[in-house]
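A look at the structure
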Amino acid sequence: MKRGLKLSAWRRAQRAWRMAQSRGTGRPTTASGAGKKIGADISLTLHRPLYAVHFAPRALLHALCPMRSALCALLLLALAAPVFGQTGTQSPHGALKWDCQSCHGTESWKKLRRPLAFKHADTGFLLLGAHQFTNCVSCHQSLKFAEVGSACADCHTDVHRGQFGLNCQNCHTADSWSNQQEILQLHAARGFPLTGVHAVADCQACHRTDQFNEFSGTPMDCSGCHLTDYTLAINPDHAKAGFSIDCESCHRPVALKWENTTFQHTAAFELRGAHRRVECNSCHANTYFGTSPECYSCHSGDFQQTTNPPHVQLGFSQECTVCHNEERWEGAFFDHVQTSGFELRGVHATLSCNDCHVNNQFTGLPRDCFGCHQSDYTAVTDPNHVLGQFPTDCLVCHNETAWQPAVFDHNLTAFPLTGAHQILVCESCHQNGQYTALPTDCFSCHESDYNAVTDPNHVQNNFSHDCLMCHNTTAFTPATFDHSLTQFPLTGAHLTLQCLDCHSAGYSGTPTDCFSCHESDYNAVTDPNHVQNNFSHDCTLCHCTLCHNTTAFSPATFDHSLTQFPLTGAHLTLQCLDCHSAGYSGTPTECLACHQDDYNSANDPNHLAAGFPTTCQDCHNTSNWNQTTWNHDALYFPIYSGKHQGEWDVCADCHVNPTNFAVFECIFCHEHNQQEMDEKHQGVSGYVYQSAACYDCHPNGEEKLKMPRKWR
């Protein structure tokens, strides 16, 4: 117990006042200590209590009690009464090195400075931890502030009676009287570290001698404190099982609970699932040694009491793990497909065994749906399965998840449902429960619709009964007739015509040739005149598609490339009458027929005199008559290349006989003389001063001598 708590506030105040009186008059001094009298004109008789409170005692207490707690306030009131008649001026605090202004101000003696210039650390005793919040008078029971000890034992009674020495700070700190961290360190140093529950237990939990200050001689082994726990343990019964009293073999010192053990079940029977949560005595009722690891040894009662299905009656295996697991007994998993060959899917997987195995019949049961669901099959009326002779293979429409709703895939039949057919009820087509041998053509169901149509009248026009030629399954109207599926696809202006423009006499037997509809157009044409020129009426063979198109009858564009005489070059710019002045039939296609005059008038070379062939295309082209394709260099003699290029003007320069271009002369053009050539060709076999001989040796016009062609 702290010494400061032994005296009441009143007694402490009286004692402080008496000590102040013993030192002098009790009158306050000035800040400089000169002892000048303050307030001499004030009646001390009337104001001594207030005087005493306003000066030394209260100022002192304010300086020592920065928290100004309620206890300090009561102390000030207690000090006010006995100062009646005090006239001294000496400070009640004794000799201090701090000036009064460190705590007091001139405005009011009782009002202390904030913040105080006085720092407790300057006294050599730093206020730490709980000391910061302790009342000043708890330590300073005398107004002489220096009359207080600084050792722990000066204020705190040593309950250990000196067993741990006088240095309380070895275990305690100013923050907390019970410093757990230092206690842990001290215990670890003494060879018994505090871990787990030991770290938070009260000291008296282990140090339980008659006198609480006895700490020596406490046992360090577990059984020294926990032998009672050992003997009272029933799950499992430690004493009955003969467990070791070495608690640490199963329990952990660091655990926060006694039940958290490190005991591991033997590998022969590893605890898993629900076995980890049951009490030991549930399996070890009488002994802990020789317990059978078989499921049946503990679960024989469960095995015998089970009725869905009855395990005993059906002779089920006593090996429980075949169906059950260690997590929970209910919700067993039985491999139905491996045992019976019948896989449980959908709702079948959630049914009770007795739902199918009625009267515990587990053999000879049907495997097909109809075997169990015959009553469902016969009870259905929409549609009536029996009347409609539906197949008994229920999976065609139903599934194993739910009997309803059923989904029949009509697309698997010969009549897939499309368009408006998808939203019809079955009876719309399957009347009177007829689901077999129904026709699949449109007319069978839509004959009344066919007969009722008047625009156009299907019956009078003998329209096809194949409704899909004009209609679709989405809606019967409006209808769209695809003329491209007929022998006369509509193109161009035909697309915009009304049906009656062509089918005025009906829809059957309508001609498909152009002339049948366009005879008046044929007769009216004058450029060129189709009638006079006896143009064919089969427009598709000759002209209609060549000149006209289905977009517009005029203007017509004749594609000459589709004839036997495609137009190229200068022919493209000619007028039709330039060639067809005598008509459009029998027009010749050879060049000479139109270009006889050009052939006859040619004089360089003279085609007629030279007897040139009349196949003009051998030398000429249709782009330019004067640009010939005659290749003199490749066929005969290079005159457009080599040394002869640009050395001649007309063909007659070499071909001196205009009627025979096989005759040519070389020596007429060259500045040769026979004497010089004879001398230059001495020793040359076969040399003759003739043009033919020159050509034989110089076929390319080169000066270098070549072997005569007759020798090659």
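1. Overview of the overall build of the protein
- When helices and strands are counted, the protein shows 26 helices and 0 strands.
- Counting all 712 residues of the protein, 22% fall into the buried class.
- By element, 55% of the accessible surface of the protein is carried by carbon and sulfur atoms, the whole surface being about 48400 Å².

2. Notes on the pattern of salt bridges
- Under the defined criterion, the tally for this structure stands at 5 salt bridges.
- The partner of Arg272 in a salt bridge is Glu270, and the shortest N-O contact between them spans 3.5 Å.
- A relative accessible area of 48% places Glu270 in the partly exposed class.
- One salt bridge in this structure joins Glu327 and Arg277, with 3.4 Å as the shortest N-O distance. One end of the pair, Glu327, is in the loop between helix H12 (311-314) and helix H13 (336-340); the other, Arg277, is in the loop between helix H9 (238-241) and helix H10 (280-283), with 50 residues separating them in the sequence.
- The class of Glu327 is partly exposed, set by a relative accessible area of 47%.
- For Arg277, a relative accessible area of 57% gives the class exposed.
- Members of the salt-bridge network, linked through shared partners, are Glu270, Arg272 and Glu326.

3. What about the environment of Asn673?
- Mapped onto the elements of the fold, Asn673 is located in the loop between helix H24 (632-635) and helix H25 (674-680).
- Given the relative accessible area of 37%, Asn673 is considered partly exposed.
- For the pair formed by Asn673 and Tyr689, sequence separation is 16 residues and the distance between their alpha carbons is 9.3 Å.

4. Comments concerning a nonpolar patch on the surface
- On the surface, a cluster of nonpolar side chains totalling about 300 Å² of accessible area is made up of Val197, Val200 and Leu256.
- You can see Val200 is positioned in the loop between helix H7 (180-189) and helix H8 (222-232).
- Note on Val200: relative accessible area 66%, which makes it exposed.

5. Considerations on unusual backbone geometry
- In this structure, Pro236 follows Asn235 across a cis peptide bond, with omega equal to 0°.
- Of note, Pro236 is situated in the loop between H8 and H9.
- A cis amide bond links Thr477 to the next residue, Pro478, at an omega of 0°.
- Inspection of the secondary structure puts Pro478 in the loop between helix H17 (442-452) and helix H18 (499-502).
- A positive phi angle, close to 50°, is found at Gln389, a residue other than glycine.
- Here Gln389 is to be found in the loop between helix H15 (369-379) and helix H16 (426-429).

6. Notes on the side chain of Ser691
- Structurally, Ser691 can be placed in helix H26 (residues 691-697).
- For Ser691, a relative accessible area of 5% corresponds to the buried category.
- At 2.8 Å, the side chain of Ser691 and the backbone nitrogen of Cys666 are in polar contact.
- Setting aside residues up to four positions removed in sequence, Ser691 forms contacts with Phe664, Glu665, Cys666 and Ile667.

7. Considerations on the packing of aromatic side chains
- Applying the stated criterion to the full structure yields 12 aromatic pairs.
- Between the aromatic rings of Tyr296 and Phe303, the centroid separation amounts to 5.4 Å while the plane-to-plane angle is 80°, which identifies the pairing as edge-to-face.
- Centroid distance Phe390 to Tyr435: 4.6 Å. Interplanar angle 90°. Geometry classified as edge-to-face. With Phe390 in the loop between H15 and H16 and Tyr435 in the loop between H16 and H17, the pair connects residues that are 45 residues apart, well separated along the chain.
- An aromatic cluster is present here, built from Phe637, Phe664 and Tyr695 joined pairwise through their rings.

8. Observations concerning the confidence of the model for the protein
- On average, residues of the protein score 77 in pLDDT, and 82% of them reach the 70 mark or higher.
- Averaged pLDDT values over the elements of the protein bottom out at 32 in helix H2 (residues 44-54) and peak at 92 in H17.
- Contacts of residues 1-14 to residues separated by more than four positions or lying in other chains number 26 contacts, the stretch itself having pLDDT below 50.

9. Brief notes about the environment of Ser216
- Inspection of the secondary structure puts Ser216 in the loop between H7 and H8.
- Sequence-wise, Ser216 and Gln163 are 53 residues apart; in three dimensions their C-alpha atoms are separated by 9.2 Å.

10. Considerations on the state of the cysteines
- Tallied over the entire structure, the rule returns 0 disulfides.
- Not part of a disulfide, Cys225 finds its nearest cysteine sulfur in Cys206, a span of 4.5 Å.
- The thiol of Cys470 is unpaired, and the distance to the nearest cysteine sulfur, on Cys467, comes to 8.8 Å.

11. Describing the side chain of His357
- As for its placement among the helices and strands, His357 is situated in the loop between helix H14 (353-356) and H15.
- Looking at His357, its side chain comes within polar contact range of the main-chain oxygen of Gln361, at 2.9 Å.
- If we ignore the near neighbours within four places in the chain, the residues touching His357 are His336, Phe362 and Leu365.

12. Notes on the environment of Tyr377
- In this fold, Tyr377 is placed in helix H15.
- Sequence separation between Tyr377 and Phe390 is 13 residues, and the spatial gap between their C-alpha atoms is 9.1 Å.
- Setting aside residues up to four positions removed in sequence, Tyr377 forms contacts with Phe370, His385, Val386, Gln389, Phe390, Pro391, Thr392 and Trp403.

Cut-off values and rules
- Residues numbered from 1 in each chain as written.
- Predicted model: local features only at pLDDT ≥ 70, side-chain atom pairs only at ≥ 80, totals over all residues.
- Heavy atoms only, no water.
- Helix = DSSP H or I, 4+ residues; strand = E, 2+ residues; numbered from the N terminus.
- Buried < 20%, exposed > 50% of the residue type's maximum accessible area, 1.4 Å probe, protein only.
- Areas by Shrake-Rupley, 256 points an atom, 1.4 Å probe, with all protein chains shown as cover.
- Salt bridge = Lys/Arg side-chain N within 4 Å of Asp/Glu carboxyl O.
- Patch = residues over 30% accessible without salt bridge, like charges linked within 9 Å, V, L, I, M, F, W, Y side chains within 5 Å.
- Polar contact = N/O pair within 3.5 Å; in protein donor to acceptor, adjacent residues only side chain to side chain.
- Contact = heavy atoms within 4.5 Å.
- Phe/Tyr/Trp six-rings, centres within 6.5 Å; stacked < 30°, edge-to-face > 60°.
- pLDDT = per-residue confidence, 0-100.
- Disulfide = S-S within 2.5 Å.

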